[in-house]
Amino acid sequence: MPFRAALSGLNAASSELRVIGNNVANTATTGFKKSRAEFADVYASSNLGAASNAIGTGVKISTVSQQFSQGNIEFTDNNLDLAVSGSGFLVMNDSGVTVYTRSGALGVDRSDNIVNSAGQILTGFQADSAGNITGAIGDLVLDRSDIPPQATSTLAMGLNLDASGSVPSATATTSLTLPAAIILDGDAPAGWTAGPSFTIRDNYGTARTVHLEYNQTGGATTDLFDIRLVDETVGGGGPFTASSSIDISTVTPSPTTVNFSWVPQTATGAQSTITVALNLGSATIVPSAVNGDTTAVATAATVNDGTAQSAFNEADSTTYNHSTSLTVFDSLGTSHLLTTYFRKTTQANEWEMYTFADGTRVDAASGAGDQMIFSTAGALTTPVTPSTITIPSFSPGGGAAAMTIATTISNVTQYGSAFSVNSLLQNGFTTGQLSGVDIGETGIITARFTNGQSSTLAQVALANFSNEQGLQQLGDSTWAESFESGAALVGAPATGSLGVLVSGALEGSNVDLTEQLVALITAQRNFQANAQVIETADAVTQTIINIR
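**Some words on the sheet that holds strand β22 (residues 274–279)**
Argument step 1. Within the open sheet, the four strands sit side by side as β19-β22-β12-β24. Their pairing is mixed. In the strand order of this sheet, the two ends are held by β19 (257–262) and β24 (303–304), each with one partner.
Argument step 2. Bridge count for strand β12 (residues 175–177) against β24 is two bridges, and the pairing is antiparallel. Residue pairing for β24: L176 is matched across the bridge by N304.

Below is the structure:
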C-alpha cells in the first residue's frame, strides 16, 4: 500500500513549506539569502541495484540549497553602512572566530571598532603611518586622534604680472628746459655739431645722457638752425626721431618749445614712446660772436621733470606694483600671513619679489628683493628651471622650529594683461580633528579632518569561495567556512572576481515575495495531494478488511 510513499510526500511538502516560510519571514532581513528545497526520489535497492520493474517508495529532501543572487541595494544615511555589489563577503571577527556576511549594517563601538549589531568586528588590510595599504589583515579601528600639524616648506605660485604696468615711483622726462644761455657756433662745419649734454630719465626712471646737436641751415650768414636730441647711452638708439628748426635772429628763439619723440632702447627691447618737450623760452641762444668758435657753451644746468625709482617700502603702495597673501603654518600648526610684493625694476622685463611673514621681511634682511627676468614673450627665464626661489631660514616665533620655504614660480608670467592670481598652493596645515569617514568602492577608508586634510586608515577586505553553497549558516546573516565551501580567498574589492563596495547603502534580502507565494501554493497542493493519497489508500484498505 502507498502509505509510506505518501507519508514521505507529506514530510517533503512540509519541509518545503518550512523553507518557503523562512524565506518569506526574512523578506526584510539585510543581507539574507533565500533557500530552495531540492527533492530526490527513493527506491529500494541492493548491492546489485534496483529491479527494472521496481516501484519507488517515496521522496526525500536531498538538500536545502542557498541562492546567492544579488539583492537590491538601498541607500541609507550612515556612511559606514556597506553593500557588496557583486561577489564576495565582508570578513568579520566574532571573538576570534572569522565569519562572513553580506549584511553591512555597521557602526562604531565604545572602543572605536567598526562593528555590526552582533558585536562582530569588520576586518581589512591595515595602513602604515604614511597611509600606504599593507598586506596585514586585522580589525578595523576608527582612529579619532588629532592629525599633527605640518610646517609649510613649499609654495607654488601661478600668477601674471602686468607687462604694461609702469615702474613704481619712477617718472620719465617729458619736459626739458635748456640752460639760461647757450652759444651756437655759426662757423661750425656743415653737418651736425654736438652741443651741451643733459641728464634725463626713461620710462623706468633710469638716468640717461643726451646731448643737443645743431646744424646751421642756409649758410653761415643765416640765423636758422636745425636742432635735435641724441641719446648717448650705448645701445640707446641714437637721435630722437625728427629734428626741428629754430630761428635765433632775435634774443628769444622761435619757436620757444620743440617736441621730440623718444623711444628708449634697452638690451631686452624698446620701451614705449616718450614725448619730450624741449623748452627754449627761458634760454638765450645766440650764434658765436666771433667767427672760428668751435664749441657750444652751457652756462647753467638743465632742468627736467623725470624722477628716479625710490626704494621699496612695503608700507608705501607707490613703491611696488602688486601684492598677494596666503596663510602658512609653522611646526606647531600656528598660522602666519605670508605676503609677497612684486615690483617692476628699472630694467626692461625685470621684476623684484619681496616676501614678508607677519609684517617682517624674510626673503633678505635688506637690499633688493629676489630677481625675476622674463623673455620678450613673457616667459620666465630667471631663475632657470625648476624656477625656484628659496626663502632662507627664519624663526616664526612662539617656540616653533625655524622655517625654510622653497617657492616655485615656474607658472609666473609677464603678459600685457591685468595682474591676476591663478593659484597659490602651500603644503602646510594646522592640527585637525576627525570630522568624517568615507569608504570608496575599492574599500579604502579615508578619514577627513577639520583642517581640510585626509588620510587613509585601512582597506575593507572581501572574501570569496569556490562553492558558496557549501558555506555553513550561523544565523545573524553570517556564514562560516566549511570543507564543502573551500578555503576563503581574501582580497581587495574590485580585484579579481570580487565585487565593489557601495558606501552608505545596504543589500536587501534577495527573496522575491511573489515567487515565494506561488511556491507556497504549489507546496500546499503537494501536501494536499499526498494527504489524498493516504485517504485513498485508507479507503482501499478498509474495503479489503470488509471482504467476507
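Following the structure, the description resumes.
**A word on the pairing of strand β34 (residues 434–439)**
Argument step 1. Sheet topology places β34 next to strand β35 (residues 444–449); five bridges connect them, and they run antiparallel. Note on β35: the bridge partner recorded for D438 is T446.
Argument step 2. Hairpin remark: β34 followed by β35, antiparallel, with four residues in the connecting loop; positive phi at G443, about 90°.

**Things to note about the confidence of the model for the protein chain**
Argument step 1. Per-residue confidence for the protein chain gives a mean pLDDT of 86, with 87% of residues at or over 70.
Argument step 2. Per-residue pLDDT, averaged within each element of the protein chain, yields its smallest value for strand β23 (residues 284–287) (60) and its largest for strand β8 (residues 114–115) (97).
Argument step 3. Low pLDDT (under 50) marks residues 289–300, which in the prediction has 24 contacts with non-local residues, meaning those over four places away or in another chain.

**Structural notes on empty space enclosed by the protein**
Argument step 1. Under the counting rule described, the total for this entry stands at one cavity of 30 Å³ or more.
Argument step 2. Looking at the largest cavity, its volume works out to about 40 Å³.
Argument step 3. Forming the walls of the largest cavity are I114, L140, V141, L142, I445, L457 and A458.
Argument step 4. When the residues that make up the lining of the largest cavity are grouped by side-chain class, the tally is seven nonpolar, no polar and no charged.

**Thoughts on helix α2 (residues 513–545)**
Argument step 1. Between the first and last C-alpha of α2 there are 48 Å, a value that for 33 residues agrees with the 48 Å anticipated at 1.5 Å per step.
Argument step 2. Every buried residue of α2 is listed here: Q516, A523, N530 and A537.
Argument step 3. For α2, the secondary structure elements touched by its buried residues are α1 (3–25).
Argument step 4. Sitting at the amino-terminal end of α2 is D512, which places a side-chain oxygen 3.2 Å from the backbone nitrogen of T514.

**Overview of a nonpolar patch on the surface**
Argument step 1. Together, V24, L513, L517 and L520 make up an exposed nonpolar region whose accessible area comes to about 280 Å².
Argument step 2. In terms of residue count, α2 provides more of the nonpolar patch than any other element does, three residues in total.
Argument step 3. Tracing the backbone shows L513 in helix α2.
Argument step 4. Exposure remark for L513: the relative accessible area of 38% places this residue in the partly exposed category.

**Points about the sheet that holds strand β32 (residues 403–415)**
Argument step 1. Strand order in the open sheet formed by four strands is β31-β32-β11-β33, and the pairing between neighbours is mixed. One side of each edge strand has no neighbouring strand; the edge strands of this open sheet are β31 (388–394) and β33 (420–426). Taking the axes of each pair of neighbouring strands and ignoring which way they run, one obtains an average angle of 20° across the sheet.
Argument step 2. The pairing of β31 with β32 spans five bridges and is classified as antiparallel. Looking at the pairing, T388 lines up with T408 of β32.

**Regarding the layout of surface pockets**
Argument step 1. Its volume calculated, the largest pocket comes out at about 350 Å³.
Argument step 2. Looking at the largest pocket, it is lined by 22 residues, and the ones nearest its centre are S129, D143, S455, T456 and L457.
Argument step 3. Mapped onto the lining of the largest pocket, the elements with two or more residues apiece are β9 (121–127) and β36 (454–460).
Argument step 4. No other element matches β36, which puts five residues into the lining of the largest pocket.
Argument step 5. Residues of the lining of the largest pocket, tallied by class, amount to 10 nonpolar, eight polar and four charged.

**Focus: the nonpolar core**
Argument step 1. Grouped together as the largest cluster of nonpolar side chains are 25 residues, with contacts concentrated most on L82, L90, L122, I445 and V460.
Argument step 2. Taken together, the elements giving at least two residues each to this core come down to β4 (82–85), β5 (89–94), β34, β35 and β36.
Argument step 3. For L122, the contacting residues outside a window of four places in its chain are L82, L90, V91, M92, L106, I114, G138, D139, L140 and V460.
Argument step 4. If you look at the next biggest cluster of nonpolar residues, it comprises 22 residues, including L155, V328, L338 and M353.

Cut-offs applied
Residues numbered from 1 in each chain as written. Predicted model: local features only at pLDDT ≥ 70, side-chain atom pairs only at ≥ 80, totals over all residues. Heavy atoms only, no water. Pairing = 2+ DSSP bridges. Helix = DSSP H or I, 4+ residues; strand = E, 2+ residues; numbered from the N terminus. pLDDT = per-residue confidence, 0-100. Contact = heavy atoms within 4.5 Å. 1 Å grid on protein atoms, 1.4 Å probe; cavity = no way out; pocket = protein on both sides within 12 Å on 5 of 7 lines; lining within 4 Å. Points joined across faces, edges and corners; volume = space filled by probe spheres on them. Nonpolar A, V, L, I, M, F, W, Y, C, P; charged D, E, K, R; others polar. Expected span 1.5 Å × (residues − 1). Buried < 20%, exposed > 50% of the residue type's maximum accessible area, 1.4 Å probe, protein only. Polar contact = N/O pair within 3.5 Å; in protein donor to acceptor, adjacent residues only side chain to side chain. Patch = residues over 30% accessible without salt bridge, like charges linked within 9 Å, V, L, I, M, F, W, Y side chains within 5 Å. Areas by Shrake-Rupley, 256 points an atom, 1.4 Å probe, with all protein chains shown as cover. Salt bridge = Lys/Arg side-chain N within 4 Å of Asp/Glu carboxyl O. Axes fitted to C-alpha atoms, helices over the stretch in contact; angles between N-to-C directions. Core = buried A, V, L, I, M, F, W, Y, C linked by side-chain atoms within 4.5 Å.

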